[in-house]
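# Descriptive analysis of the structure
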Amino acid sequence: MMDVGRHPRIKLFVYSEVEDVSGYVGNFKVKVRKKARYVDENECNACAECAKICPVVVPDEFQMGFSSRKAIYIQLPQAVPSAYVLDMNACLGNNPIACGKCVEVCDKKCIDYDMQDQFIDLEVGAIIVASGMDVYDPTELDEFGYTRFDNVITSMEFERLICAGGPTTGHFIRLSDRETPKTIGFVQCVGSRSERRGNRYCSNICCMNTIKDTVLLKDHYPDIEVKVFYMDLRAFGKGFEDLLRRSRSEGVKYIRGIPGEIYEDSKTKNLILDVENTTTGEVEKHELDMLVLSVGVIPRQDGDLIQKLLTLSRTVDGFFMESHPKLKPVDAPTRGVFFAGCSESPKDVKDSVTQASASASRAGILLSSDRIKVEAITSVIDKDKCTSCGICYQACPFKAIVVDRKAKIPAEVIEAACAGCGTCGAECPFGAVTMKHFTDEQIFPQIDAILEENPQDKIVVFACNWCSYQGGDNAGMSRLQYPATGRIIRTMCSGRVDEQFILYAFSKGAPIVLVSGCHFADCHYIDANRWTQKRVEKLWDKLERKGIRPERLQLEWISAAEGQKFAKVMREIEEMRQKVTPEEIEHTKKVLSDWKPKGAKRRPKKAEVKIEA
Amino acid sequence: MAEEANFKCLRCGQEFKLPYDPKAGPQERTCPKCRSNSVRRIKEQKK
Ligand code: SF4
Ligand code: SF4
Ligand SMILES: [Zn+2]
């Protein structure tokens, strides 16, 4: 950190927040709020005279509340820059000045109660999101007694208590009597790998963290008895198994079973654990001086804000989603944005450093080139057809469209930011968007070709390039049997599937249309497939109003690995197709006989265009 | 308790209840019987 602070080409903004991000790859504009710290960081030499005199004492967050700090303080001993900061919420007040003692003692005159937040505008070419993670709060798991029993602590609190820079200068004690415990237990997977409470995912780091902690304890206190209660031990990395062996050889006991209930002996403050040892099948009782809950990690609680600022997407777990899990693991779906560390998924120091190095290299490649290649598949907007309604702007997951609705300036696509999902094309009510390589003129003839002969025997399938089409491929490669009646039209994203394609297919005699795309968590275009779902839902209503059975329009999310699912869906839909009667198809064709493509329609009046908030 | 709404599977015809928040955006829904994603919310008839 010190090196970063001193580096001539790195500008560090500490105690700052990103307020706004606009622009696109190579041309981002970032607004940073540098919060007032009320101490001139360039002048302060961290002499600590101010903190000595300050009468306000509050819990020290960095030491997990095990010690206290003053209202004017330094966040941690290694803070960069090494300068004090005034916590205005704790200070006795600056308006009017109620105390002012720190100002009086500061020789360098660097305390300024009138300091204001500053706004700094930056122009950057790439952004790396390294916003980290938060830690699971185990209070809701009442059976473990965290906050009820003095001697139950979390693994984060353990780190402070055993750290030489911690509140006890590394002298490990339990909280009830400040004695070094003779027996200590660790409970694994607290808040992780649970369907009911906490999170479903494995937090990745807790097993190794505990193993490391047991070795540390045995180093400091060879006579201490250490027990680890676990469901599975995951020591999968380089050298990890060796560390586990070392821990075992030093006498640490690993017991397969998570405590069901924990009681406190009110006299000794010891903890009594009931555990079913799943290796022996016996219910055991263990009495311990102290218990450490090995808590999982969770996505940062301000993730929504970062997501909005950078148009990112998140997995169901809440961590930021990478552009591709195997091929682009450090890129965000928004070009020019990269990830490092736990913002993307829980990971240990080594993996974080690996990912950070990869992200720095990816950003470096981008910044060192004068020009970048844009996607060949982007959209263009016909200014003559565009009414500046702004629907495409709202639909674009990448915010790659600029439009001025008030000034009636037609929409324009920023090609460098467009990822080519085609959602704008499907959503534009006026047919003003042309999606290069997936134009209406290319897709309508495919529908015509499918339905040219015996349309009643065909299923028109729209499949997205990344998932459902690959799912079909997977089914084929696995030699899975499914009916040959499905005819696939590939689009990059299901977001491109315009309602007019579906209505056209029905008007041409299609018995069934299937729209398929990636599962929500896998959408390669952030959230473009949410628009697909909205569109299909609206279309079900529309079909019903026209007397067409909505069942004839099917929707399915199929991943590239789900060949089985693809085959199953095709078999089910084939059964449905066989039940669509010729009379039904004829009726549909009649109902839709006056159908016209979007661009050919009259322009709806302004009042007819509704924009969703 | 989260609000629930009635849904119908357009593949197998099964009707069921699922949590539903009118303010939340679209959700990936799966039929509990046939696992299809062609799940449609049954809107209440306007009086
Ligand atoms: S949706 Fe179509 S008409 Fe509306 S602003 Fe976009 S391109 Fe123009
Ligand atoms: S194709 Fe997709 S990414 Fe490109 S402008 Fe349209 S909605 Fe945005
Ligand atoms: Zn079903």
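Reference entry: report on the structure contained in this document.

### Topic: the overall build of chain B
Check the secondary structure of chain B and you find zero helices and three strands. Its helices and strands taken in sequence order, chain B reads β-β-β from the N to the C terminus. Going through the 47 residues of chain B one by one, you find that 36% of them count as buried. In chain B, the proportion of contacts linking residues at least 24 apart, taken out of those at least 6 apart, comes to 29%. In the structure as shown, chain B presents an accessible area of about 3400 Å², 47% of it carried by carbon and sulfur atoms.

### Comments concerning the overall build of chain A
When helices and strands are tallied, chain A shows 16 helices and 27 strands. The buried share of chain A, reckoned over its 613 residues, is 49%. Summarising the internal contacts of chain A: among those between residues at least 6 apart in sequence, 68% fall at separations of at least 24. Of the roughly 30700 Å² of accessible surface on chain A, a fraction of 51% belongs to carbon and sulfur atoms. Charge-centre separation for chain A: the mean point of 85 positive side chains lies 5 Å from the mean point of 88 negative side chains.

### Some thoughts on the interface of chain A and chain B
Listed by partner, the interface residues are 21 residues for chain A and 15 residues for chain B. For the chain A and chain B pair, buried surface summed over both sides reaches about 1500 Å², with 41% attributable to carbon and sulfur atoms. At the junction of chain A with chain B, the criterion picks out six salt bridges. Here Asp541(A) ties to Arg40(B) by a salt bridge, and the two come within 2.7 Å at their closest N and O atoms. For the interface between chain A and chain B, the tally reads 16 residue pairs in polar contact (both at pLDDT 80 or more). Looking at the side of chain A that touches chain B, the elements with two or more residues in it are α14 (528-545), β27 (553-557) and α15 (563-578) of chain A.

### So, the coordination of the zinc ion (ligand 3)
Residue and element names in this part refer to chain B. Of the protein atoms, only Cys-9 (SG), Cys-12 (SG), Cys-31 (SG) and Cys-34 (SG) coordinate the zinc ion (ligand 3), at distances of 2.2 to 2.3 Å. Every donor counted, the four donor atoms about the zinc ion (ligand 3) form angles of 103 to 116° at the centre, which fits tetrahedral coordination. Between the donor residues of the zinc ion (ligand 3), the gaps in sequence give the motif C-x2-C-x18-C-x2-C. Linking Cys-12 in the loop between β1 (4-9) and β2 (15-19) with Cys-34 in the loop between β2 and β3 (39-41), this pair joins segments that are 22 residues apart in sequence. You can call Cys-12 partly exposed: its relative accessible area is 30%.

### What to know about the sheet that holds strand β7 (residues 118-124) of chain A
All names here are of chain A. Taken in spatial order, the three strands of this open sheet run β1-β2-β7, and their pairing is antiparallel. Strands with a single pairing partner mark the edges of an open sheet, and in this sheet they are β1 (16-24) and β7. Across the sheet, the mean angle from the axis of one strand to that of its neighbour is 20°, orientation sign disregarded. Taken together, the seven bridges between strand β2 (residues 27-34) and β7 define a ladder with antiparallel strand orientation. Counterpart to Val-30 in the pairing with β7 is Leu-122.

### A closer look at helix α12 (residues 468-477) of chain A
All names here are of chain A. Those residues of α12 that sit buried are Ser-468, Gly-471, Gly-472 and Ala-475. Along α12, the residues classed as buried sweep out an arc of 100° about the axis, all on the same side. Buried residues along α12 sit against β24 (459-464), β26 (512-517) and α15.

Cut-offs used in this document
Residues numbered from 1 in each chain as written. Chains lettered and ligands numbered in written order. Predicted model: local features only at pLDDT ≥ 70, side-chain atom pairs only at ≥ 80, totals over all residues. Heavy atoms only, no water. Helix = DSSP H or I, 4+ residues; strand = E, 2+ residues; numbered from the N terminus. Buried < 20%, exposed > 50% of the residue type's maximum accessible area, 1.4 Å probe, protein only. Contact = heavy atoms within 4.5 Å. Areas by Shrake-Rupley, 256 points an atom, 1.4 Å probe, with all protein chains shown as cover. Lys, Arg positive; Asp, Glu negative; His and termini not counted. Charge placed at Lys NZ, Arg CZ, Asp CG, Glu CD. Buried area = accessible area lost by both parts, 1.4 Å probe. Salt bridge = Lys/Arg side-chain N within 4 Å of Asp/Glu carboxyl O. Polar contact = N/O pair within 3.5 Å; in protein donor to acceptor, adjacent residues only side chain to side chain. Donors = N, O, S within 2.8 Å, 3.2 Å for Na, K, Ca; no water. Tetrahedral: all angles 85-135°; square planar, octahedral: opposite > 155°, others 65-115°. Pairing = 2+ DSSP bridges. Axes fitted to C-alpha atoms, helices over the stretch in contact; angles between N-to-C directions. Arc of directions from axis to C-beta.

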